[in-house]
Amino acid sequence: MTVWDDVKGTAWPRADSPDGRLPPLLLALTLVTGLVDAVSYLKLGHVFVANMTGNVVFLGFGIAGAAGISIWASLTALGSFLTGSSTGGRLGRRLGPNRGRMLRGALLVQLAAVAVAVVVAAVSSDPSRGGSRYALIVFLAFSMGIQNAIARRLAVPELTTTVLTMTLTGIAADSTFGTGSGSKIGRRALAVGAMLLGALAGALLALKVDTLAPLIAAAAILALVAITAQFQVAQETT
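Everything numeric here is computed off the predicted structure, so don't read it as measured data. (Residues numbered from 1 in each chain as written. Predicted model: local features only at pLDDT ≥ 70, side-chain atom pairs only at ≥ 80, totals over all residues. Heavy atoms only, no water.)

Chemist: Is there a simple way to explain the overall build of the chain in this structure?
Modeler: Along the chain, the regular secondary structure elements total 9 helices and 0 strands. Going residue by residue from the N terminus, the α and β elements of the chain occur as α-α-α-α-α-α-α-α-α. Here the C-alpha radius of gyration of the chain, 18 Å, is about what a compact globule of 238 residues would show, namely 18 Å. A burial count over the chain gives 47% of its 238 residues as buried. Restricting the contact set of the chain to residue pairs at least 6 apart, pairs at least 24 apart contribute 71%. Carbon and sulfur atoms form 67% of the exposed surface of the chain, whose accessible area is close to 11,300 Å². Averaged over its 18 positive side-chain charges, the chain has a centre that lies 8 Å from the centre of its 10 negative ones. (Helix = DSSP H or I, 4+ residues; strand = E, 2+ residues; numbered from the N terminus. Rg over C-alpha atoms; globule rule 2.2 N^0.38 Å. Buried < 20%, exposed > 50% of the residue type's maximum accessible area, 1.4 Å probe, protein only. Contact = heavy atoms within 4.5 Å. Areas by Shrake-Rupley, 256 points an atom, 1.4 Å probe, with all protein chains shown as cover. Lys, Arg positive; Asp, Glu negative; His and termini not counted. Charge placed at Lys NZ, Arg CZ, Asp CG, Glu CD.)

If you want it as structure tokens, here you go:
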């Protein structure tokens, strides 16, 4: 399989492909990850709502007394993400085995959490401070925990939607320089590109517009993916 075939099969999969229409939907969710992590890091202090590896590192920095690092913000994000992951796990077991129905149902819960974050950002005079800041961390990290749990349960190769470390490792290790076959390089590159694009868009919106803008964009994408997941439900039902 050529790189182009891999890209095309991921972005525009055939109806009879093993994962159906899931790959482009998960790429869209990867875009959401970039959007919300841009908001959390740039506007809510040095904290991530999707990248929990970063929060564990920040927690260590905070305990060591590093300036500008909030131990409580990191702990809040970690706790909320784990709660969301637990919720996503329960939803996955309850809504399966139809993967389209599982994704759609989980996305509706995730969308509700992001919608609450949108409302908080809209009504707060300063979303980056005080109770509003922590409310945003809670609802966004909770939503990303759901997303991560469902992506894990769907188990579409190379599309975790929130973690790129192993994806980047695969790109290098399976390249000709790593004496590998280059398998899935197209799909992996799309995942990296989606995260980068989401982070870029989120940063531009957060810095040039306001905190609310990237959250609205994330909610809109989640709604679109939830609607599109209906096609996957129908495909797996027939």
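Chemist: Looking at this model, I keep getting lost on the nonpolar core. Mind explaining?
Modeler: The tendency in soluble globular proteins is for nonpolar side chains to be buried as a group. Formed by 54 residues in total, the largest nonpolar core has its most connected members in Leu103 and Leu154. Looking at this core, the elements with two or more residues in it are helix H2 (22-43), helix H3 (52-63), helix H4 (71-95), helix H5 (99-123), helix H6 (130-154), helix H8 (185-208) and helix H9 (212-237). When sequence neighbours within four positions are dropped, the list of residues in contact with Leu103 reads Leu22, Leu25, Leu29, Ile150, Leu154 and Ala229. (Core = buried A, V, L, I, M, F, W, Y, C linked by side-chain atoms within 4.5 Å.)

Chemist: Even after reading the chapter, I still don't get empty space enclosed by the protein, so can you show me in this structure?
Modeler: Any empty space left between atoms is shown by rolling a water-sized probe over those atoms. In the structure shown here, the tally under the stated rule is 1 cavity of 30 Å³ or more. Around the largest cavity sit Leu26, Leu29, Leu103, Ala106, Leu107, Gln110, Ile146, Gln147, Ile150, Ala151 and Leu154, which together line it. Ranked by the residues each element gives to the lining of the largest cavity, the list is headed by H6, at 5 residues. (1 Å grid on protein atoms, 1.4 Å probe; cavity = no way out; pocket = protein on both sides within 12 Å on 5 of 7 lines; lining within 4 Å. Points joined across faces, edges and corners; volume = space filled by probe spheres on them.)

Chemist: What is the right way to look at the pattern of salt bridges in this model?
Modeler: The tally for this structure, following the rule as stated, stands at 4 salt bridges. Among the ionic pairs, Arg14 bridges to Asp16, the shortest N-O distance being 3.1 Å. Among the salt bridges present, the one from Arg188 reaches Asp174, with a minimum N-O distance of 2.8 Å. Highlighted residues: Arg188 in helix H8 and Asp174 in the loop between helix H7 (165-173) and H8, separated in sequence by 14 residues. The class for Arg188 is buried, based on a relative accessible area of 8%. (Salt bridge = Lys/Arg side-chain N within 4 Å of Asp/Glu carboxyl O.)

Chemist: What am I meant to see in the packing of H2 against H6 here?
Modeler: For any two helices packed against each other, the geometry is given by the interaxial angle and the distance between the axes. Their axes nearest at 11 Å, the elements H2 and H6 cross at an angle of 155 degrees. Our classification of the angle between H2 and H6 gives roughly antiparallel. Of the two possible hands of crossing, H2 and H6 adopt the one that is left-handed. Each of Leu22, Leu26, Leu29, Val32, Thr33 and Val36 in H2 lies in contact with H6, whose residues at this interface are Leu140, Met144, Gln147 and Leu154. When grouped by side-chain class, the residues that make up the contact of H2 with H6 number 8 nonpolar, 2 polar and no charged. (Axes fitted to C-alpha atoms, helices over the stretch in contact; angles between N-to-C directions. Parallel < 35°, antiparallel > 145°, perpendicular 65-115°, else oblique. Left-handed = near helix turned anticlockwise from the far one by under 90°. Nonpolar A, V, L, I, M, F, W, Y, C, P; charged D, E, K, R; others polar.)

Chemist: Sorry, what's going on with H8 here?
Modeler: Two residues of an α-helix separated by three or four positions point the same way, owing to the 3.6 residues in each turn. Along its 24 residues, H8 runs 34 Å from first to last C-alpha, staying within 8% of the 34 Å computed at 1.5 Å per residue. Along H8, the residues that are buried comprise Gly186, Arg187, Arg188, Ala191, Ala194, Met195, Gly198, Gly202, Ala203 and Ala206. (Expected span 1.5 Å × (residues − 1).)

Chemist: What is the right way to look at the layout of surface pockets in this model?
Modeler: When its volume is computed, the largest pocket comes out at roughly 370 Å³. Forming the boundary of the largest pocket are 19 residues, of which Asp37, Phe48, Asn51, Thr162 and Met195 lie nearest the centre. Sorting the residues of the lining of the largest pocket by element identifies H2, H3 and H8 as the ones contributing at least two each. Here the element with the most residues in the lining of the largest pocket is H2; it accounts for 5 residues.

Chemist: I keep staring at the packing of H7 against H8 and nothing clicks. Help me out?
Modeler: The N-to-C vectors of H7 and H8 enclose an angle of 140 degrees; their axes lie 10 Å apart at closest approach. By the angle between their axes, H7 is oblique relative to H8. The chirality of how H7 crosses H8 is left-handed. Within the contact between the two elements, H7 uses Thr167, Leu168, Gly170 and Ile171 and H8 uses Ile185, Arg188, Ala189, Ala191 and Val192.

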